[in-house]
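Okay, here's what each chain looks like letter by letter:
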Amino acid sequence: MLPLPGHGREARLFYTLAADVAAMAPSTSIGAAHPVSIGIGGEEKTNDVMKQKMENFASSYIASIAEKRGRNIEWAKSAVVKSESITATNAMELKVIDLVAEDMRDLLNQLDGREIKGKQLKTAEAVVVDIPMTTRERILQLLSHPELMMFLFW
């Protein structure tokens with residue numbers, strides 16, 4: 001598990017930038033990864049020094065991830081420091097992601113022939129198999145919803 005500044009929506013940008021191939025669907029957005037701190041009963045008060053430390057850590061961490069993957073370092077840092085968000089189209093233009101795919105078939109076609117870690121992907125003819133969640137998985141997903149967890153904890 002990565003030591004991410006937050007465990008919710010702001011962490012998604014870190015995961016996307018760390019991926020070998022970053023893809024988005026049209027009409028989606030990415031960003032707003034400013035670190036947040038939440039405690040019991042709502043937002044936890046964090047002093048200015050601690051806020052600055054969290055922001056500096058998150059900013060340098062995301063910069064190192066973006067640099068490793070050849071992605072836009074400056075924009076990644078601004079998503080943390082300024083909570084900037086962009087559309088999938090802008091993300092492509094700014095070299096934050098690698099591709100925009102309409103659906104799973106489009107994604108597999110675009111991935112076909114790409115080289116990842118020295119291996120060429122052969123995904124154009126891949127068969128997509130839906131694996132539905134079990135009843136147990138659906139219940140756990142419901143119970144692990146952050147808002148429900150906060151309500152139950154309260």
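Described below are features of the structure shown in this document. (Residues numbered from 1 in each chain as written. Predicted model: local features only at pLDDT ≥ 70, side-chain atom pairs only at ≥ 80, totals over all residues. Heavy atoms only, no water.)

**Some words on the overall build of the chain**
Across its full length, the chain holds 7 helices and 8 strands. Out of the 154 residues in the chain, the part that is buried amounts to 27%. In the chain, once contacts between residues fewer than 6 apart in sequence are set aside, the share between residues at least 24 apart is 54%. Carbon and sulfur atoms make up 57% of the accessible area of the chain, which amounts to about 10,900 Å² in all. (Helix = DSSP H or I, 4+ residues; strand = E, 2+ residues; numbered from the N terminus. Buried < 20%, exposed > 50% of the residue type's maximum accessible area, 1.4 Å probe, protein only. Contact = heavy atoms within 4.5 Å. Areas by Shrake-Rupley, 256 points an atom, 1.4 Å probe, with all protein chains shown as cover.)

**Comments concerning helix α3 (residues 73-81)**
Within the span of α3, buried status applies to W75, A76, S78, A79 and V80. Measuring from the side-chain oxygen of the N-cap residue of α3 to the backbone nitrogen of E74 gives 3.2 Å; that N-cap residue is N72. Once α3 finishes, S83 follows within two positions and takes phi at roughly 55 degrees, a positive value. (Polar contact = N/O pair within 3.5 Å; in protein donor to acceptor, adjacent residues only side chain to side chain.)

**Considerations on the nonpolar core**
With 21 residues, the main nonpolar core has L13, F14 and L17 as its most contacted residues. Elements with a contribution of two residues or more to this core: α1 (9-18), α2 (48-69), α3 and α4 (88-93). Among the elements that take part in this core, α2 stands out by supplying 5 residues, more than any other. In this view, L13 contacts I30, G31, A33, I62, W75 and A79; residues no more than four positions away in its chain are not counted. (Core = buried A, V, L, I, M, F, W, Y, C linked by side-chain atoms within 4.5 Å.)

**What about the pattern of salt bridges?**
Side chains carrying opposite charge are able to pair once their charged atoms draw close together. What the rule picks out here adds up to 4 salt bridges. Between R71 and D98 there is a salt bridge, and its shortest N-O distance comes to 2.5 Å. A residue pair is termed long-range when its members are at least 10 positions apart, and R71 in the loop between α2 and α3 and D98 in the loop between α4 and β6 (99-100) qualify at 27 residues. On the basis of relative accessibility, which here comes to 27%, the residue D98 falls in the partly exposed class. The partner of E74 in a salt bridge is K77, and the shortest N-O contact between them spans 3.8 Å. You can see E74 and its partner K77 sitting in helix α3, 3 residues apart, about one turn around the helix. One network of salt bridges, with partners in common, ties together D20, R69 and K117. (Salt bridge = Lys/Arg side-chain N within 4 Å of Asp/Glu carboxyl O.)

**Looking at the packing of aromatic side chains**
Note on aromatic pairs: each is described by the distance of the centres and the angle between the planes. The full count for this structure, using the stated rule, is 2 aromatic pairs. Between F57 and Y61, the aromatic rings sit 5.5 Å apart at their centres with planes inclined by 15 degrees, giving stacked as the arrangement. With F57 and Y61 both in helix α2 and 4 residues apart, the pair spans about one turn of that helix. Here F57 falls in the partly exposed class, since its relative accessible area comes to 40%. Each member of the aromatic cluster is reached from another via a ring pair, and the members are F14, F57 and Y61. (Phe/Tyr/Trp six-rings, centres within 6.5 Å; stacked < 30°, edge-to-face > 60°.)

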